[in-house]
Amino acid sequence: EDAAFIGLLFGWNGVLVVARQIRMRGLIKKAALTTVCAAGLAFYVIGYSVLASFSGWFWYFLAVTVITLGEVIHSPASNALISNLASHLGGPRRQGSYIGFAQFVGVMGGLTASIGGGYLLEHSRNVHVAILWMTAAVAATVAALGYLLYRKKVPSQDLLGI
């Protein structure tokens, strides 16, 4: 029963990504990429906070919906921002290295969080799952603020996703 429910959540995530991805392109073209990234992370904060605060299938579906919307907003905007900055900072010959390093750091962060959170849940009886979700929400909040502060330092031509 639990495995089927988790499968439904993964399936719902996929449906939302497919349904919303193309529409997000218009958002990216109209706003500063740093602002779009911060807005996407705000959805993550809300979704993680729901997971930390409530339980039950309705709340899990709501959280996955909100987090997926954050993913659909943040992911293409952050990739465009990285690409623009890599082109500006490294030029065409080093653009791939900058993008590859940024992707590597992102994957290592996700891996570290997954392993660390799984270890804590499995080996520490005193860690409530809500603490882990709120830690993720705080990290997303800090990252969103970082994007907004970074906007002042980024050349204007690198801010737009056009």
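We now turn to the structure provided with this report.

Rules used in this analysis
- Residues numbered from 1 in each chain as written.
- Predicted model: local features only at pLDDT ≥ 70, side-chain atom pairs only at ≥ 80, totals over all residues.
- Heavy atoms only, no water.
- Helix = DSSP H or I, 4+ residues; strand = E, 2+ residues; numbered from the N terminus.
- Contact = heavy atoms within 4.5 Å.
- Areas by Shrake-Rupley, 256 points an atom, 1.4 Å probe, with all protein chains shown as cover.
- Lys, Arg positive; Asp, Glu negative; His and termini not counted.
- Charge placed at Lys NZ, Arg CZ, Asp CG, Glu CD.
- Phe/Tyr/Trp six-rings, centres within 6.5 Å; stacked < 30°, edge-to-face > 60°.
- Buried < 20%, exposed > 50% of the residue type's maximum accessible area, 1.4 Å probe, protein only.
- Core = buried A, V, L, I, M, F, W, Y, C linked by side-chain atoms within 4.5 Å.
- Polar contact = N/O pair within 3.5 Å; in protein donor to acceptor, adjacent residues only side chain to side chain.
- Axes fitted to C-alpha atoms, helices over the stretch in contact; angles between N-to-C directions.
- Parallel < 35°, antiparallel > 145°, perpendicular 65-115°, else oblique.
- Left-handed = near helix turned anticlockwise from the far one by under 90°.
- Nonpolar A, V, L, I, M, F, W, Y, C, P; charged D, E, K, R; others polar.
- Patch = residues over 30% accessible without salt bridge, like charges linked within 9 Å, V, L, I, M, F, W, Y side chains within 5 Å.
- Salt bridge = Lys/Arg side-chain N within 4 Å of Asp/Glu carboxyl O.

## Section: the overall build of the protein
Argument step 1. Across its full length, the protein holds 4 helices and 0 strands.
Argument step 2. For the C-alpha atoms alone, the extent of the protein along its principal axes is close to 50 × 35 × 25 Å.
Argument step 3. Look at the contacts in the protein between residues 6 or more apart in sequence, and 76% of them connect residues 24 or more apart.
Argument step 4. Element-wise, carbon and sulfur atoms account for 67% of the exposed surface of the protein, whose accessible area totals about 10,300 Å².
Argument step 5. Averaging the coordinates of the 11 positive side-chain charges in the protein and doing the same for the 5 negative ones gives two points 22 Å apart.

## Quick notes on the packing of aromatic side chains
Argument step 1. Inspection of every chain in the model, using the stated rule, returns 7 aromatic pairs.
Argument step 2. With 5.1 Å between their ring centres and 80° between their planes, phenylalanine 58 and tryptophan 59 make a pair best called edge-to-face.
Argument step 3. Judged by its relative accessible area of 46%, phenylalanine 58 is partly exposed.
Argument step 4. Members of the aromatic cluster, connected to one another through ring pairs, are Phe5, Trp57, Tyr60 and Phe61.

## As for the nonpolar core
Argument step 1. Core analysis: the largest hydrophobic core is formed by 25 residues, its most contacted members being Leu33, Tyr44, Ala77 and Tyr147.
Argument step 2. The element that contributes the greatest number of residues to this core is helix α2 (residues 33-53), accounting for 10 residues.
Argument step 3. If sequence neighbours within four positions are ignored, alanine 77 has contacts with Ile28, Leu33, Val36 and Cys37.

## Re the environment of histidine 128
Argument step 1. Position of histidine 128 among the secondary structure elements: in the loop between α3 (57-123) and α4 (129-150).
Argument step 2. Taking relative accessible area as the criterion, histidine 128 reaches 51% and is therefore assigned exposed.
Argument step 3. Between the C-alpha atoms of histidine 128 and alanine 52, which are 76 residues apart in sequence, the distance is 9.2 Å.
Argument step 4. Polar side-chain contacts of histidine 128 include one of 3.0 Å to the backbone nitrogen of alanine 130.

## Some words on the environment of valine 66
Argument step 1. Assignment of secondary structure puts valine 66 in helix α3.
Argument step 2. Valine 66 sits 26 residues away from glycine 40 along the chain, and the two C-alpha atoms are 9.6 Å apart.
Argument step 3. Not counting the four nearest positions on each side in its chain, valine 66 is found in contact with Phe43, Ile46 and Gly47.

## Considering the environment of threonine 141
Argument step 1. Its location among the elements puts threonine 141 in helix α4.
Argument step 2. Residue threonine 141 is classed as partly exposed on the basis of its relative accessible area of 34%.
Argument step 3. Once the C-alpha coordinates of threonine 141 and arginine 20 are considered, the two residues, 121 residues apart in sequence, prove to be 23 Å apart.

## Structural notes on the packing of α2 against α4
Argument step 1. Axis separation between α2 and α4 bottoms out at 8 Å; the angle between their running directions is 165°. It follows that α2 is roughly antiparallel to α4 by the angle criterion. α4 is crossed by α2, and the crossing has left-handed handedness. Between α2 and α4, the residues in contact are Thr34, Thr35, Cys37, Ala38, Leu41, Tyr44, Val45, Tyr48, Ser49, Leu51 and Ala52 and Ala130, Trp133, Met134, Ala136, Ala137, Ala140, Thr141, Ala143, Ala144, Tyr147, Leu148 and Tyr150, respectively.
Argument step 2. Residues of the contact of α2 with α4, tallied by class, amount to 19 nonpolar, 4 polar and no charged.

## Regarding the side chain of histidine 74
Argument step 1. Here histidine 74 is to be found in helix α3.
Argument step 2. Taking relative accessible area as the criterion, histidine 74 reaches 14% and is therefore assigned buried.
Argument step 3. When neighbours within four sequence positions are excluded, histidine 74 is seen to be in contact with Cys37, Gly40, Leu41, Tyr44 and Tyr147.

## Some details on a nonpolar patch on the surface
Argument step 1. Taken together, the side chains of Phe101, Phe104, Val105, Met108, Leu111 and Ile115 present a nonpolar region at the surface, about 590 Å² in accessible area.
Argument step 2. Mapped onto the secondary structure, valine 105 falls in helix α3.

Shape is all these values report; function is a separate question.
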